[in-house]
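One-letter residues, chain by chain:
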Amino acid sequence: MKLSSKRFSFENSNYQRPNLQWRCGRAAAWGKPCTRGPKGDGSCGGVTACKPFFDQKTSRWACRRPLAAGGPCSDGPGPDGQCAHPQPPCVPRRTLRRIRSRLALLAVFLVIAGIGATLEYGAGSGDPGNSLSAGPLSSEHARFIGNDCAACHVSHDGDLETLASAVLVRSDMTSACLDCHTFAGEERSAHNFTEIASNNLAPEQSTQTLCITCHTEHNGSEADLVTLSDAQCSSCHQITMENFADHSAFDLQFPLWRRTSLRFDHVSHLGKYFSQAGADDPTGCVDCHVVQRADVAVPVRGFEETCASCHAGDINDRALTILSLPEMSAEQFVALDQEYLSEVCPSRGSREFYLSLIQARQAVANGDPFGDFESIAYGEGMDPVMQWSMASDSADIYDLPIDDVTVDDLSWLFLDMADSGASPLADLLDDRSAGTVEGSVLLAGLSDALVRQAVCAWASNAEVRQDPPLGGGWYINGLSLNYMPDGHADPVMRSWLDLAVAAPTLATEHDEEAAQALIMRDTLINPKRGAGACASCHGVSAENGDGDGADALVAIDWRPVDSPWSPYLSYSHGPHLNLLGEGAACVQCHRLKDESGLADAFETLNPVQPASSFMPIGKGQCMACHGAEDDLQAVASDRGCLLCHDYHLDSGFRHQMVDIQQATE
């Protein structure tokens, strides 16, 4: 039998749909409902038989009474468009369906009230004898919460009405968790990311997560709240893994996302230098790495134990110049306070000094910038460190007038040092470094006598020649005050290099000073000519940008940089070395390249260059032990994804947790 598609149309039927909450009042009074029916809010649907329609073609009003009500009437609408058959309004009544739903809801509340009247209450809502108890807590939470359900469930700290409202109103359990637990990053986002990569999660997943999605309480004291199943991970991630074979391929650069902190080329050392060295030199990984302390990284033995036999001499061949005596003009030499200098510099009584002074005065009298006067520092200017210290636009001063700021400041500095030794220079460095490094640390071990000797020689137009002291230290070489490091990790040399990389950020408001600071920084960290040869091995890295600008935060990698591929990836070398053996384990994963490319990676201050001496590590190397096939399952684990991956970033606690019994005693 085929039903007509128009049988229940609006024009042919007054069929009332079961989801309607109101029925026409006329149907109850006359047995025949109006065609328009009640409105959704229970008010009358209309007081006319139809709502006339204005026909644009005929310019007349037309009746729209449906066929179920008799069709268009013979009277038709009036000229003003009003229906000719008005009818009194009615009062709509609730449908039987609506009445039944109210009765059912009332029955539910009566049942709940009946259950509540028969409940057994213990000492607290968390008491085992309480019928409302959801079950015992895990041992971790029970230790400091006890039976106080209100510590996490605010609604439980009230009467029966409050408890009943908790059934209908969803509480924010995550807020209660975050009262105690802390995480690095966004606390409510998946994995504590600020932003979630769209290709990593299923489209329907929100960036906002709930703690109870993965951690379920009230499962007993032995319940494990932190272990997650692979199924839980797969519920959000698009890649569903039944075993490790389903894991996506590793990145082509894994496990490096930046260059190493030390400029050490395993390819050249293992393939060239060590093969030509003596029998005591390293032959493999364990000779330089401390495998007994292997964790995320395998620590390297100290410099003296691994590198000193070949590179100790490089450090002691690179002196640091902090004070250079620039060339002076005759006018500048004469303008020095000769009487005062004669008191503090007894060495000024030499024949060469008086000859220089006579020639300088004659040149000034003749208006000749130099005349027969010859500065012992002919052609020499201030070195980059001194130029930065003096905040001078130019390293040369001989062509500047005596009232120039740089000439005046330099003259007064030398006069003060001739009298007081190193303290005026330390005060100047304190002011210029703005507390980054103290001047006393920068000049540690520098004697006042040596400073006076250097300045008095310059004020006498003379020079001093000294050899670097054995074991390192301060000395005068011609027209400069120098420091030779006493070996690896020399504290004075390190403090100067730390100041050099920080100096540009101290002068960002002054372009000239910033330029001077950049020159000083680049001079000291130059791998081939830099002081102490420190940057020959230690990387110099910008924390923001490429490091070329004065506002870049630059630091020297004095210590190995722990830079894991991902903060959510947990890997320890220890168990792998213990299982595979110290001698053979390393080469299972770390395979040397033909050429490392490390030199190019250290050409800039940008460390985000995954250069390495070794080939990237692929998934296949892990599958040799953690594969899917039975014959490859040499190492089995029931931890699944959690074997290598963490969920949260740096979990911690806001408050110190103590045993509840101790807290109440």
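Residues numbered from 1 in each chain as written. Predicted model: local features only at pLDDT ≥ 70, side-chain atom pairs only at ≥ 80, totals over all residues. Heavy atoms only, no water.

K.L.:
How do you make sense of the side chain of Asp265 when you look at a structure like this?
P.N.:
On the secondary structure map, Asp265 appears in the loop between α6 (230–234) and α7 (266–276). With no salt bridge to any partner, buried Asp265 finds its closest opposite charge in Lys593, at an N-O distance of 9.3 Å. Polar side-chain contacts of Asp265 include one of 3.5 Å to the side chain of Ser613. If we ignore the near neighbours within four places in the chain, the residues touching Asp265 are Ser596, Leu598 and Ser613. (Helix = DSSP H or I, 4+ residues; strand = E, 2+ residues; numbered from the N terminus. Buried < 20%, exposed > 50% of the residue type's maximum accessible area, 1.4 Å probe, protein only. Lys, Arg positive; Asp, Glu negative; His and termini not counted. Salt bridge = Lys/Arg side-chain N within 4 Å of Asp/Glu carboxyl O. Polar contact = N/O pair within 3.5 Å; in protein donor to acceptor, adjacent residues only side chain to side chain. Contact = heavy atoms within 4.5 Å.)

K.L.:
Please explain the state of the cysteines as it appears in this structure.
P.N.:
In a disulfide, the sulfur atoms of two cysteines are covalently bonded to one another. Overall, the coordinates contain one disulfide when judged by the stated rule. Here Cys345 connects covalently by a disulfide to Cys456, the sulfurs 1.9 Å from one another. Between Cys345 and Cys456 the disulfide shows an S-S torsion of about -70°. By sign, it is left-handed. Pair noted here: Cys345 is in the loop between α11 (338–344) and α12 (351–365) and Cys456 is in helix α17 (residues 448–459), with a separation of 111 residues, a long-range link. Judged by relative accessible area, Cys456 falls into the buried class, the value being 5%. Cys177 carries a free sulfur, and the closest cysteine sulfur to it, the one in Cys211, is 4.0 Å from it. (Disulfide = S-S within 2.5 Å.)

K.L.:
Looking at this model, I keep getting lost on the sheet that holds strand β6 (residues 320–324). Mind explaining?
P.N.:
Hydrogen bonds along the backbone pair up the strands of a sheet, which may run parallel or antiparallel. Spatial strand order, β6-β9-β8-β7: four strands in an open sheet with antiparallel pairing. Strands at the two margins of the open sheet, each flanked by one partner only, are β6 and β7 (464–465). The strands touched by α17 within the sheet are β7, β8 (473–478) and β9 (480–484), with β8 carrying the most contacts at an inclination of about 15°. (Pairing = 2+ DSSP bridges. Axes fitted to C-alpha atoms, helices over the stretch in contact; angles between N-to-C directions.)

K.L.:
So what exactly am I meant to see when it comes to the pairing of β9 here?
P.N.:
A regular strand places its side chains on the two faces of the sheet in alternate fashion. In terms of residue burial, β9 counts as a mostly covered element, since five of its five residues are buried. Residues Ser480, Asn482 and Met484 point to one face of β9 and Leu481 and Tyr483 to the other, with burial holding for every one of them. Where β6 meets β9, four bridges bridge the pair, whose relative direction is antiparallel. Bridging across to β9, Thr321 finds its partner in Asn482. Connecting β8 to the antiparallel partner β9 that follows it, the hairpin turn spans one residue.

K.L.:
Would you mind showing me how to read the packing of aromatic side chains here?
P.N.:
Where two aromatic rings form a pair, the distance of their centres and the angle of their planes describe that pair. This model, assessed by the stated rule, comprises eight aromatic pairs. With a centroid separation of 6.3 Å and an interplanar angle of 55°, the aromatic rings of Phe370 and Tyr398 are classed as tilted. On the criterion of sequence distance, the pair formed by Phe370 in the loop between α12 and α13 (384–390) and Tyr398 in the loop between α13 and α14 (405–420) is long-range, its members being 28 residues apart. Centre to centre, the rings of Phe414 and Trp458 are 4.3 Å apart; their planes meet at 85°, and the pair counts as edge-to-face. Of this pair, Phe414 sits in helix α14 while Trp458 sits in helix α17, and the two are 44 residues apart along the sequence. Trp458 shares its class with Phe414; the two are buried. Among the aromatic residues, those joined into a ring-pair cluster are Phe333, Phe353, Tyr354 and Phe373. Sitting over the face of the ring of Trp388, Arg432 holds its NZ or CZ atom 4.8 Å from the ring centroid. (Phe/Tyr/Trp six-rings, centres within 6.5 Å; stacked < 30°, edge-to-face > 60°. Lys NZ or Arg CZ within 6 Å of the ring centre and 35° of its normal.)

K.L.:
What is the right way to read helix α15 (residues 423–433) from this model?
P.N.:
Because an α-helix completes one turn every 3.6 residues, residues spaced three or four positions apart along the sequence face the same direction. Residues of α15 that are buried include every one of Pro424, Leu425, Ala426, Leu429, Arg432 and Ser433, and no others. Immediately beyond the C-terminal end of α15, within one or two residues, lies Ala434, with a positive phi of roughly 50°.

K.L.:
Help me understand the nonpolar core in this model?
P.N.:
Within soluble globular proteins, side chains that are nonpolar tend to cluster in buried spots. In terms of nonpolar packing, the biggest core is built from 74 residues, with Ile322, Phe414, Leu443, Trp474, Leu481 and Trp496 touching the most fellow members. The element that contributes the greatest number of residues to this core is α17, accounting for eight residues. One finds Ala294, Val298, Leu577 and Cys586 within the second-largest nonpolar core, a separate group that totals six residues. (Core = buried A, V, L, I, M, F, W, Y, C linked by side-chain atoms within 4.5 Å.)

K.L.:
How should I be thinking about the environment of Arg188 in this particular structure?
P.N.:
On the secondary structure map, Arg188 appears in the loop between β5 (181–182) and α6. Through-space distance from the C-alpha of Arg188 to that of Leu178 is 9.2 Å; in sequence the pair is ten residues apart. A polar side-chain atom of Arg188 sits 2.7 Å from a polar atom in the side chain of Ser175.

K.L.:
Whenever I open this one, unusual backbone geometry confuses me. Can you help?
P.N.:
Only a minority of non-glycine residues have a phi that is not negative, and only a minority of peptide bonds are not trans. Cis geometry marks the peptide bond from Phe254 to Pro255; its omega dihedral reads 10°. Secondary-structure assignment places Pro255 in the loop between α6 and α7. Of note in the backbone geometry, Ala434 takes a positive phi value of approximately 50° without being a glycine. With respect to the helices and strands, Ala434 occurs in the loop between α15 and α16 (439–442). What makes Ala434 exposed here is its relative accessible area of 58%.

K.L.:
Is there a simple way to think about the environment of Pro527 in this case?
P.N.:
Mapped onto the secondary structure, Pro527 falls in the loop between α19 (511–524) and β10 (540–542). Pro527 gets classed as partly exposed once you look at its relative accessible area, which sits at 32%. Through-space distance from the C-alpha of Pro527 to that of Glu603 is 9.7 Å; in sequence the pair is 76 residues apart.

K.L.:
When you look at the packing of α14 against α17 in this model, what are you seeing that I'm missing?
P.N.:
α17 packs onto α14 with a crossing angle of 135° between their chain directions and a minimal axis gap of 8 Å. Compared by their axis directions, α14 and α17 come out oblique. Note that α14 runs across α17; the crossing there is left-handed. Here α14 contributes Phe414, Met417, Ala418, Asp419 and Ser420 to the contact with α17, which in turn contributes Asp448, Val451, Arg452, Val455, Cys456 and Trp458. (Parallel < 35°, antiparallel > 145°, perpendicular 65-115°, else oblique. Left-handed = near helix turned anticlockwise from the far one by under 90°.)

K.L.:
Could you clarify how one ought to interpret a negative patch on the surface in this entry?
P.N.:
Together, Glu331, Asp403, Asp408 and Asp409 make up a region of like negative charge exposed at the surface. Position of Asp408 relative to the elements: it lies in helix α14. (Patch = residues over 30% accessible without salt bridge, like charges linked within 9 Å, V, L, I, M, F, W, Y side chains within 5 Å. Areas by Shrake-Rupley, 256 points an atom, 1.4 Å probe, with all protein chains shown as cover. Charge placed at Lys NZ, Arg CZ, Asp CG, Glu CD.)

K.L.:
Would you mind showing me how to read the pattern of salt bridges here?
P.N.:
If charged atoms from side chains of opposite charge come close, those side chains can pair. Evaluation of the coordinates by the stated rule reveals six salt bridges. Arg432 is paired through a salt bridge with Glu513; the nearest N and O atoms lie 3.4 Å apart. Of the two residues, Arg432 is situated in helix α15 and Glu513 in helix α19; the sequence distance between them amounts to 81 residues. Summarising the burial analysis for this pair, Arg432 and Glu513 share the class buried. With its nearest N and O atoms 3.6 Å apart, the salt bridge here joins Glu463 to Arg465. Judged by its relative accessible area of 38%, Glu463 is partly exposed.

K.L.:
Honestly, a nonpolar patch on the surface in this entry has me stumped. Any pointers?
P.N.:
Side chains of Leu96, Ile99, Leu103, Leu106 and Leu110 sit close together on the surface and give an oily, nonpolar patch of about 510 Å² of accessible area. Within the fold, Leu103 resides in helix α2 (residues 96–117).

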